[in-house]
Amino acid sequence: IKHRFGSTDELGLFEMTGAGLVAVADPSQLFLTDRRRGVAGSLIVPTLDGGRPLLVEVQALTVEIANGASGRRTTQGFDSSRLAMLLAVIERRVDVPANRHDVYVATVGGVRLGEPGGDLAVALAVMSTIDDVPAAADVVAIGEIGLGGEVRRVDRVERRLAEAARLGYRRALVPVGAPA
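These notes cover the structure that comes with them. (Residues numbered from 1 in each chain as written. Predicted model: local features only at pLDDT ≥ 70, side-chain atom pairs only at ≥ 80, totals over all residues. Heavy atoms only, no water.)

### Focus on the overall build of the chain
Summing up its helical and strand segments, the chain has 4 helices and 10 strands in all. Secondary structure elements of the chain, listed N to C terminal, follow the sequence β-β-α-β-β-β-α-β-α-β-β-β-α-β. For the chain, the proportion of contacts with a sequence separation of at least 24, taken over those separated by at least 6, is 70%. In the structure as shown, the chain presents an accessible area of about 10000 Å², 50% of it carried by carbon and sulfur atoms. (Helix = DSSP H or I, 4+ residues; strand = E, 2+ residues; numbered from the N terminus. Contact = heavy atoms within 4.5 Å. Areas by Shrake-Rupley, 256 points an atom, 1.4 Å probe, with all protein chains shown as cover.)

### Let's talk about the pattern of salt bridges
A full pass over the atoms with the stated rule returns 6 salt bridges. The shortest N-O distance in the salt bridge between Glu115 and Arg160 comes to 2.7 Å. Linking Glu115 in the loop between β6 (101-107) and α3 (119-131) with Arg160 in helix α4 (residues 157-166), this pair joins segments that are 45 residues apart in sequence. Notably, a salt bridge pairs Arg171 with Asp138, separated by 2.8 Å at the nearest N-O pair. In this pair, Arg171 is assigned in strand β10 (residues 171-173) and Asp138 in the loop between α3 and β7 (139-141), connecting sequence segments 33 residues apart. Look at Asp138 and you get partly exposed, because its relative accessible area is 24%. One connected set of salt bridges, linked through shared partners, spans Arg82, Asp119 and Glu144. (Salt bridge = Lys/Arg side-chain N within 4 Å of Asp/Glu carboxyl O. Buried < 20%, exposed > 50% of the residue type's maximum accessible area, 1.4 Å probe, protein only.)

### What to know about the environment of Arg72
Looking at the secondary structure, you find Arg72 in the loop between β4 (52-64) and β5 (73-76). Spatially, the C-alpha atom of Arg72 lies 8.0 Å from that of Tyr104, the residues being 32 residues apart in sequence. Look past the residues within four positions of Arg72 in its chain and what remains in contact with it is His101, Asp102, Val103 and Tyr104.

### Notes on the pairing of strand β3 (residues 42-49)
Burial of β3 is extensive: 8 of the 8 residues sit out of reach of the surface. Residues Ser42, Ile44, Pro46 and Leu48 line one face of β3 and the alternating positions Leu43, Val45, Thr47 and Asp49 line the opposite face, and both faces are buried. Relative to β4, β3 runs antiparallel, the two sharing 8 bridges. Looking across to β4, one finds that Asp49 is bridged to Arg52. Connecting β3 to the next strand, β4, in antiparallel fashion are 2 residues, including Gly50 with a positive phi near 65°. (Pairing = 2+ DSSP bridges.)

Interpretation in functional terms is not warranted from these geometric data alone.
Following this line, the structure appears as structure tokens:
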């Protein structure tokens with residue numbers, strides 16, 4: 001589809017001011033402004049919006065359920081069938097009892113995380129909240145998770161990591177062999 005003012009795959013962010021709509025110059029910073037560090041179930045994923053890297057916080061919350069009951073799965077900004085697959089991989093390949101929990105996953109700021117590069121961050125956020133252990137505040141996670149439990153490479157890792165470094169993130173969990 002032709003669009004004269006840029007890619008049709010990119011998100012445009014604007015802020016309403018007294019002077020009208022003003023473009024948001026640094027969307028990654030905007031989405032991370034209210035982030036609480038040191039909370040279990042929160043991770044940052046450098047994703048791509050068209051060609052532009054964008055850091056998004058992924059949050060997960062789990063609540064243990066009674067034996068025999070089936071767990072509730074609720075998502076906001078993340079595909080629910082993809083979450084079901086990730087929970088099955090976590091249960092089977094990592095031996096973390098994800099199926100004994102209600103699982104809630106959300107992306108912050110209304111961003112829709114539609115690419116598989118967010119799988120690792122979502123899986124780690126879920127495991128973080130199950131174990132009640134927060135991830136380090138300066139870490140990001142990028143990678144697609146396969147059914148065998150392997151973490152696979154995604155496109156343009158260098159651009160994603162450069163955006164993370166620009167905002168002060170010093171450590172990244174990436175697939176083996178990914179450019180660093």
